[in-house]
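# Coordinates in review
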Amino acid sequence: MSVTGQTKAVTPPQVAARKGGTPLVCLTAYTTPMARLVDKHCDIALVGDSVGMVLHGLPSTLGASLDMMILHGKAVRRGLEQALMVVDMPFGSYEEGPEQAFRNAARMMAETGCAAVKLEGGETMAQTIRFLTGRGIPVMAHVGLTPQAVNAFGGYGVQGRGEAGRRVLADAAAVAQAGAFSVVLEKVPEALAHRITQEIAIPTIGIGASPACDGQVLVVDDMLGMFTDFRPKFVKRYGELGEAADAAIAAYAQEVRERRFPAAQHVFADAAMAVTGEKSE
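The structure presented is a predicted model; accordingly, all values stated were derived computationally and were not measured.

## Concerning helix α2 (residues 32-41)
Restricting attention to buried positions, one finds in α2 the residues T32, M34, A35, V38 and D39. All buried residues of α2 project into a common sector of 150° when viewed along the axis, lining one side. The outward face of α2, more than 90 degrees from its buried face, is lined by the exposed residues P33, K40 and H41. Looking at the buried positions of α2, the neighbouring elements they touch are β1 (24-28), β2 (44-47), α4 (66-77) and α10 (220-223).

Here it is in structure tokens:
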């Protein structure tokens with residue numbers, strides 16, 4: 001029985017083919033309703049391990065687990081029709097070696113229906129990327145500031161300034177040569193991101209990088225103003241939904257306390273009373 005057929009969704013090879021073309025649009029999504037909104041406008045929906053901070057209140061991405069990523073991946077899958085779904089491999093699920101990475105990535109794809117996974121790291125992860133892609137698992141790479149290595153970096157500072165740029169450039173080249181179909185460049189100097197984009201063959205997706213990148217990604221809760229614990233310099237707020245939600249909840253609370261909600265239009269009258277004004281038997 002043939003299982004071939006057409007699919008509407010963007011594929012990893014299609015993303016790779018966008019190198020130098022119309023910039024790729026990527027946002028994170030963690031829930032079905034948000035996935036439906038992202039799907040209308042984006043090429044890529046990333047189920048990022050930032051979900052640990054944004055939805056679960058964790059202090060960093062390190063606490064995101066494989067089960068957590070699978071749970072949110074399943075939710076996002078239900079809301080997508082056309083965007084390429086990529087899921088982050090969480091900390092501790094792939095660093096041990098290629099075999100561990102394959103087991104967990106295969107489980108991720110099987111249980112969520114995602115088309116690709118993303119993992120952090122450059123030259124040190126090249127062997128793992130080559131192992132995964134050689135076995136049918138498309139990989140989006142991530143270099144520069146890699147949040148899972150925040151303790152090693154000593155914080156969330158810009159990566160690749162001065163001579164340190166050689167390391168980031170080497171990392172980007174290594175993941176491209178290993179078979180990644182795209183690479184996220186996070187929080188690197190603009191000139192370095194521009195150079196990397198010119199020199200490697202796969203699309204670069206910037207976050208705190210350069211408008212010259214082949215695409216851009218943001219955490220959706222950041223750009224909508226829903227996550228307000230902190231605001232990175234690279235985030236542009238396209239909405240202030242957090243403020244709007246706060247105002248709406250405050251209005252609701254006030255009306256409940258003043259017995260103005262629910263009003264007549266929000267409650268149900270007895271049928272007989274509604275017609276005759278008399279109590280029903």
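Here the narrative resumes, following the displayed structure.
## Focus on the packing of aromatic side chains
Considering all chains together, one arrives at three aromatic pairs under this definition. Ring centres 6.4 Å apart and planes at 80° place the aromatic pair F102 and F131 in the edge-to-face group. Within this pair, whereas F102 is found in helix α5 (residues 98-112), its partner F131 is found in helix α6 (residues 126-133), the two being separated by 29 residues in sequence. Residues Y252 and F261 carry aromatic rings whose centres are separated by 5.9 Å and whose planes lie at 65° to one another, so their mutual orientation is edge-to-face.

## Side note on helix α8 (residues 165-178)
Its 14 residues give α8 an end-to-end C-alpha distance of 20 Å, which sits within 8% of 20 Å, the value for a rise of 1.5 Å per residue. Taken together, the buried positions of α8 are G165, V168, L169, D171, A172, A174, V175 and A178. Each element contacted by the buried residues of α8 is listed here: α6, β5 (139-144), β6 (182-186) and α9 (190-199). Phi turns positive, to about 115°, at G179, one or two residues after α8.

## Structural notes on the state of the cysteines
Disulfide: a covalent bond connecting the sulfur atoms of a pair of cysteines. Across all of its chains, the model carries zero disulfides by this definition. Looking at C26, it has no disulfide partner, and the nearest cysteine sulfur is the one in C42, 7.0 Å off. Overall, C26 belongs to the buried group, its relative accessible area being 4%. With no disulfide partner, C114 has as its closest neighbouring cysteine sulfur the one in C26, 13 Å distant.

## Points about the side chain of D39
Here D39 shows up in helix α2. In this structure, D39 is buried with no salt-bridge partner, the nearest side chain bearing the opposite charge being R77 at 6.4 Å. Side-chain polar atoms of D39 contact the backbone nitrogen of A83, separated by 2.8 Å. If we ignore the near neighbours within four places in the chain, the residues touching D39 are G79, L80, E81, Q82 and A83.

Cut-offs and rules
- Residues numbered from 1 in each chain as written.
- Predicted model: local features only at pLDDT ≥ 70, side-chain atom pairs only at ≥ 80, totals over all residues.
- Heavy atoms only, no water.
- Buried < 20%, exposed > 50% of the residue type's maximum accessible area, 1.4 Å probe, protein only.
- Helix = DSSP H or I, 4+ residues; strand = E, 2+ residues; numbered from the N terminus.
- Arc of directions from axis to C-beta.
- Contact = heavy atoms within 4.5 Å.
- Phe/Tyr/Trp six-rings, centres within 6.5 Å; stacked < 30°, edge-to-face > 60°.
- Expected span 1.5 Å × (residues − 1).
- Disulfide = S-S within 2.5 Å.
- Lys, Arg positive; Asp, Glu negative; His and termini not counted.
- Salt bridge = Lys/Arg side-chain N within 4 Å of Asp/Glu carboxyl O.
- Polar contact = N/O pair within 3.5 Å; in protein donor to acceptor, adjacent residues only side chain to side chain.

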